[in-house]
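Structural characterization, general
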Amino acid sequence: MRQYCHQLELPAGQQLMSPGQACQGFIWVLSGQVAVSLLGRQGRDVELYRLNPGDSCVLTTSCLFGNSPFPATAATTRPCRLLLLPEADFNRALEQSPSFRRLVFASLGERLAALMAQIESIAFDSIDSRLARALLAPGHDELAVTHEQLAQRIGSAREVVSRRLSHFSRQGWLSLSRGHIRLLNADALRRLL
């Protein structure tokens, strides 16, 4: 099956898919990272998920299954190497390879569960809790991230995130500089979860 794949090498910041675009095939991330986000009617972006090495794109897969256009935006956040299995070869592999079929459906199930958890978090968790989770997720104290990027990740507005980060900073939990956040008291943030 790999013989039918095209390998793509893309720089950081490269848009892969946009809303309404036809899906060309099944995407598998070999290295780097891709962020998939949805633009709301009022112009606010919400990050749906990130694809890391070994991940496939559930929205692309669902578009291939349903012969429907891509509903979101997908862009690289780091330089990436991707495999693209064209649609015809994807369909043939699903029919002929039980192991590929299991892999595709397992990936769909995992991503669907993660999306449901994110929807639950946006609907029911406080902004402080969602923001603390996003700040702690990388597992280190230095984050190169903007307020806008954090807002997209947690499904909020940049202004709200900026206010809450300023509050966290006044509490001594973190320090802020342009495009950079340094965690000073991760335990205080964990108590918000």
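Placed above this text is the structure.
The structure reproduced in this document is the subject of the present report. Keep in mind the model is a prediction, meaning the values are calculated, not measured. (Residues numbered from 1 in each chain as written. Predicted model: local features only at pLDDT ≥ 70, side-chain atom pairs only at ≥ 80, totals over all residues. Heavy atoms only, no water.)

Attention now goes to the side chain of Q118. Here Q118 shows up in helix 3 (residues 98-124). Judged by relative accessible area, which is 18%, Q118 ranks as buried. Other than its neighbours up to four places away in sequence, Q118 contacts V46, E47, L48, Y49 and R153. (Helix = DSSP H or I, 4+ residues; strand = E, 2+ residues; numbered from the N terminus. Buried < 20%, exposed > 50% of the residue type's maximum accessible area, 1.4 Å probe, protein only. Contact = heavy atoms within 4.5 Å.)

Another aspect to go through is the nonpolar core. Burial of nonpolar side chains together is a common tendency in soluble globular proteins. V34, V36, Y49 and F70 are the most contacted members of the largest nonpolar core, which totals 31 residues. Contributing elements (two or more residues each) for this core: strand 2 (15-17), strand 3 (25-31), strand 4 (34-39), strand 5 (45-51), helix 1 (58-66), strand 7 (80-86), helix 2 (87-96) and helix 3. Each residue touching Y49, except ones within four places of it in the same chain, is listed here: V34, A35, V36, C57, V58, L59, R111, L115 and Q118. (Core = buried A, V, L, I, M, F, W, Y, C linked by side-chain atoms within 4.5 Å.)

Within this structure, the stated rule accounts for eight salt bridges. R92 serves as the salt-bridge partner of D89, at 2.3 Å between the closest nitrogen and oxygen. Separated by three residues within a single helix, D89 and R92 lie in helix 2, roughly one turn from each other. Among the residues examined, D89 registers a relative accessible area of 14% and is labelled buried. Classification of R92 as partly exposed rests on a relative accessible area of 36%. (Salt bridge = Lys/Arg side-chain N within 4 Å of Asp/Glu carboxyl O.)

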